[in-house]
Structures are given as structure tokens and as C-alpha cells.
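Single-letter residue listing:
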Amino acid sequence: MIHFISNTISNSESFKLASIEDVVEYCSKQDVLGVDTETEGFDFTCKKMIMFQIGDQHEQFVIDTRFISIEPLREILESNDTIKIFHNAKFDYKFIKRWADIECAGIYDTFLTERVLNCGKDIRYGLKHLCERYLNVTLNKEVRNQFIGLTGQPYRDDQIVYGAKDVEYLCKIRDLQLPTIVNQDLSQVVNLENKAVLAFADIEYNGLDIDKDAWEIIAKHSEREAVDIAKNLDQMIIINRQFDAFVADYIQADLFIPIEEIREVTVKWTSPTQVLKVFKVMVPDLDNVNGKALYKYRREFPIIDRYVQYKEKMKLATSYGSDFFKFISSDGKVHTNFNQILDTGRVASSKPNMQQIPANNKFRNCFIAPPDWCFVSSDYSSQELNVIAFGSKDPVWLDALQQGQDLHSVCADLVYGDEWKQAAEGDCRYYAYANLGGGTDRAKLKCNCPKHKKLRTNVKTINFGLAYGMGPNKLSDTLTISMKEAEELIEKYFNAFPAIRGFLEKLGTYGKRFGYIKTFPPYNRKRWFPNWYPKIWNNKSSKMELGSIERASKNTPIQGASADMTKLALIYIRDYIRETKAPVKIVMTVHDQIDTICEIDYAKQWVTKMTELMELAALQVVTNGLLKADTNISKSWEK
């Protein structure tokens, strides 16, 4: 039965009129409720929530929030004891918080749950698609779109019924999802995502203040640097006879262009097609000028190296120029949007992509704390390396982390042997003595020896590459070494660390054999490989697909376990803020880092507590206690 609550009088066979008291009376007796909203638009900072729907499969209540407050429902919406079913809860949460000042709790998100159940599969996750898959029902999206821009007109019957049906469908979809959750042993990770969504919603809601003037200064500086590099590229063309075809035979003067700005070179450096013609003179087989294609040629051809620098500066000037200000909302803040579950369990950010803001802090420092507030940011120290050490139980890695040694240098020592020893300078910190555990031993710290630095970089690339399934091809491109050298380096590496080789091979074999891979306990997140089939091992034509499955099987548990603990840390932090009413807001997260702002007077106290909560979350996944958090206070956002 559909009930409509408004200040307008309407007779209809489609629904009954009711009061907000009727809604509270019914809903307060239910353990599970579906919840949905209709809004004027998509920007919660300026578009209003105009309809609120709540109920179950039997009774649905549609509230016209243009005239009726949902304040009487606060206790139900903020209760952890009553499950509220949403689809894409972040969207509804932000509108409810903005226009009713109510923070929802006890959320079950059918969208996120479906993402968990089908992680890795190429399917769609909108409510429309779930209704088709689970209920064989087709939603009329034309009715939904008619809410946008609606102001004071009375709702039509079909709009009221549409809102009510969404609530009914949510309850039915959850009932059909629950058996699969249990059968696939995914209860823990579903619970994790449904709790974490509240923290991600808060981050999107809180937003970040930005210093526009400082941002423009940096963007213009990047633009000037790009122009200078373009001039340098022109000179490299002019002085090299093999590029004569790209130099004009004569220069056409122009009264309106200063003589110093008239170019002899005919290449437009912003045109990939024109640049490709230049580079084909040196590399005939080259078929594009994207970063991956050019990386291996940077050392061999200075003009290619310079062009890559040009592209980097141009990206800063365009992506992070004044165009970035389109992402500033009506409240003057930047509110990103999170895709909470990628195939590995990690998070992506868009509109704008805050995870791609350059990590050199120039642009990050333009995001500032309000007056009398400061940033308190915490990140895990070598998170993915700790996950690898824990998963592989490699004794060298575990000992290095336990002793506070520089893991990359320790690894380079074992990989390169005598070459590492002979590369040491007189003041090498790696070979300096230190008091460890009551005795005297080598400190094994990061040093400044020039040759050590190169060898350490090579091994560091492999160490971090393990989390991304790096093979010889990628290592060759990254270090600009031959394929043979890359293969030999990887072989030497795994000879030095057989436990890590065994760990990764075990993961790769598991994925190829079963068609999915899992993250570490207690969450056991699953990633499915949709192109897998039972006899894929025996099909020679599936070699490339097997290689892809193997790489994903090696990196997903590492990245996924890291994502799981960061999400748990977000939950712990949010819960603590709410329970203690601490003067803190969560404003950003990028992979292993969580950023908050807090009142300055509370900052030192919050550093201690935030570190404790981060490490408590890590301990649930990496149970050896070696993974620590580093927490700092700053006035602006920092890496």
C-alpha cells in the first residue's frame, strides 16, 4: 500500500493520504526499511531534496519534502539498529544531511553489495539493471527525470507511485542478495563497504577549501615552463639536419605577431599526429606518442625526453589550470566523487580526480584548512610492502621491517651481493654500526652513496611493482634497460627471495585454477575473472588471457588487503568522531592516506588518537603489528 504525505489534498486510487505521524508509527516497528529520495538535481550544495520515500514491501510512504519535514524520522534514520536500504547511499545521504540535517546510520547499500558480489565482472549496477536482473522489472526512467527542475507543482500519481516502488524494489533486491552473500562467504566485506560508505559520503559532503589565487599562480608557472620547453624543442629541430623537413623554407611575417614569436618549425607540439611524424624519423616502428610508448626511448633520444617533459607541464597547465575551478561548488568548496569499489577493492575519485593531484605538494598545498583549523593527515608506512611481507612470511623482509631498516637497501644488498658491497662510500649509512636490540650491528639505513642509489632504485621498482603484477616488459620500460637485463634482474631478485616468489606463484596459480582470487582474511574479498572457464589451462589460444589472470591474481590480494584496512580505518575514525563529538572532519583519502581537518587546539590530541585508530585497523589485516601509521599536522593538504 502506498501512502502520500503532503499539505496538498489529492484523491487517487493509487495511494492513500497519511500524516508524518503515521510514517513514524509504522517505521518505528520495522527492523528493515527501504529509503530513497528524489531531488531537483545532482548537486546537493544547491539542489534540494523534494521527495523522501521510506517503507518496506508491504507499506510505502512518499513524503513531499517541499512542504513536510522529515525531522520526526531522525531517530529511525540515525539508528544503527534499524537497517535502511539505499541504492547508491552516498547520493541520498548527502541530500538528507544537507536539507534535513540528519546523518543516516545502519545503511545497507544494494549498489555496493552488488559490486562486492560481482567484483571483476563486466555488468551494470544501476537500480534499473538490478531490477531487471533480480525482479524482471523495467523501471520508467522518464518519470524519474521529470523530478529535475520541479518546484511547487503537485506531484502526479505516476510520480508518487514511481517513488514508492523504488522502496519496495530495494527491499526485494536485498532479500535476493542475502543468500549469495552467505554462500560466497562475503558477509564481512559487505558489512565493511556498507559502513565505509558513510565515511566516503562525509568526505564528499565536507569538501575542501581551495586557495584560488595560489592555484592560478602555480598553473601559470607551469604554462610558462611548457612554453619554454616548446621553444627548446624547436631549437632541437632546427639544429639537427635529420629534421630539416620540419623547418620552414621561409618565414611569413605578420604585422600582429612580434618577431620573436614567429616560429621556423612547422611542428605543432600539441598535435600527437604531427609529433609522431617527427619521432618516426628516429623510431620508424613507433605508432603513437603516449607516455608508455615513449618511455623506453627517453635516454636514447634527448628530444623525446624533452617532449615527455613538455607533455607533463602542459597537463599541469591544462588539467590544473583555471578550468579546475569548474569543480568548485556553490559553497566555495571542491567536492570529489568516489567510486568506492574497483576490481581490486581500491577506491577511485572523479569530478575532480583528487588522487591524481600531483604529489609534489605544490597543488595540494592550495587546499587549505579554515581559520583556527588545521590538517591532521595519517598514512601507513610502506603499506603494500608490509602486506607482501606478511603474506609471504619472507624472513628478510619481516626482519628489516621489525628492525626499522631500509627495506629497499636490504633487498638490493641481497640481490646485487658483491656489487652492492663495492659500491659503498666511506660514510655509507647502510654499513654504519648501530645499537639494535641491546647489541651492535649494521644500521642498514638508506644512504647517499651514488652507486647504491641506482641499485636501490632498481630493486625498489621491483618491490613496489610486485603490488601491480610487474613483469619484465614493464621493468624494462621503467628502468630503461633491455628486456634481457630486466629478466635477469627479476630472476636474481626471486633467487634472493624465494618466499616471495612462492607467495606470488601461489596466488597466480589459484586465480588461474579457480577463476577468482581473494584478499586476506578477515574480509576475503573476491575478484572474479569473467573470461575464465574450467578448461582454460588446456587451451593454447588462451595464453594471453591466462597471463592477465595471473597478473591480476598476484596484485589484487595486495592492493585489496591494503584497501580493506584503509576503509576500516575510515570507519573507526568516523565512529570515534561521532561518538565523542570531536572537533574533526574527514576531508580526503588517497589510497593509504586519510586526511582530516580539526580545531588547532585539539590537533596534538587528535594526532595520537588518529594514529591509534589507523594502526588498530591495520592490525585486523596485517596481524603481526609491524604496519605503523605516520600522522602529521599541517595548515594545508600534503602528501
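Above this note sits the structure.
Values in this document were obtained by computation on a predicted structure and should not be read as measured data.

Another aspect to go through is the packing of aromatic side chains. For the structure on display, the rule yields 34 aromatic pairs. With a centroid separation of 6.0 Å and an interplanar angle of 25°, the aromatic rings of Tyr576 and Trp606 are classed as stacked. Residue Tyr576 is located in helix 21 (residues 543-580), and its partner Trp606 is located in helix 22 (residues 603-619); the two are separated by 30 residues in the primary sequence. A single burial state applies to Tyr576 and to Trp606, both of which are buried. Here the basic side chain of Arg174 rests over the ring of Tyr108, its NZ or CZ set 5.1 Å away from the ring centre. Sitting over the ring of Phe390, Lys393 keeps its end group 5.8 Å from the ring centre.

Moving on: unusual backbone geometry. Lys351 connects to Pro352 through a cis peptide bond whose omega is 0°. Positionally, Pro352 belongs in the loop between strand 11 (348-350) and strand 12 (367-368). A cis amide bond links Pro521 to the next residue, Pro522, at an omega of 5°. By secondary structure assignment, the location of Pro522 is in the loop between strand 16 (516-518) and strand 17 (526-528). A positive phi angle is found at Asn361, which is not glycine, with a value near 80°. When you line up the elements, Asn361 lands in the loop between strand 11 and strand 12. Unlike most non-glycine residues, Ser382 shows phi in positive territory, near 55°. Within the secondary structure, Ser382 is located in the loop between strand 13 (373-380) and helix 13 (383-392). Among the residues examined, Ser382 registers a relative accessible area of 35% and is labelled partly exposed.

A separate point is the sheet that holds strand 18 (residues 584-590). Pairing between sheet strands relies on hydrogen bonds along the backbone, with the strands arranged either parallel or antiparallel. Spatially, 18-19-13-20 is the arrangement adopted by the 4 strands of the open sheet, whose pairing is antiparallel. Whereas interior strands pair on both sides, the edge strands pair on one side only; in this sheet they are strand 18 and strand 20 (629-634). Strand after strand, the sheet turns through a mean of 20° between neighbouring axes, direction not considered. Two strands pair when backbone bridges link them, and strand 18 and strand 19 (residues 593-599) are joined in this way by 6 bridges, in the antiparallel orientation. In the strand pairing of strand 19, Val590 is matched with Gln593. The sheet strands contacting helix 22 are strand 13, strand 18, strand 19 and strand 20, and the helix crosses strand 13 at an angle near 25°.

What follows concerns the packing of helix 4 (residues 110-117) against helix 7 (residues 157-183). Helix-helix packing is described using two parameters, namely the angle between the two axes and the distance between the axes. Following both chains from N to C, one finds helix 4 and helix 7 inclined at 25°, their axes separated by 11 Å at the closest point. Taken together, the axes of helix 4 and helix 7 lie roughly parallel to each other. As for how helix 4 packs across helix 7, the hand of that crossing is left-handed. Contacts between helix 4 and helix 7 pair Thr110, Thr113, Glu114 and Leu117 from the former with Leu170, Ile173, Arg174, Gln177, Thr180 and Ile181 from the latter. Within the contact of helix 4 with helix 7, the residues separate by chemical class into 4 nonpolar, 4 polar and 2 charged.

Parameters and conventions
Residues numbered from 1 in each chain as written. Predicted model: local features only at pLDDT ≥ 70, side-chain atom pairs only at ≥ 80, totals over all residues. Heavy atoms only, no water. Phe/Tyr/Trp six-rings, centres within 6.5 Å; stacked < 30°, edge-to-face > 60°. Helix = DSSP H or I, 4+ residues; strand = E, 2+ residues; numbered from the N terminus. Buried < 20%, exposed > 50% of the residue type's maximum accessible area, 1.4 Å probe, protein only. Lys NZ or Arg CZ within 6 Å of the ring centre and 35° of its normal. Pairing = 2+ DSSP bridges. Axes fitted to C-alpha atoms, helices over the stretch in contact; angles between N-to-C directions. Contact = heavy atoms within 4.5 Å. Parallel < 35°, antiparallel > 145°, perpendicular 65-115°, else oblique. Left-handed = near helix turned anticlockwise from the far one by under 90°. Nonpolar A, V, L, I, M, F, W, Y, C, P; charged D, E, K, R; others polar.

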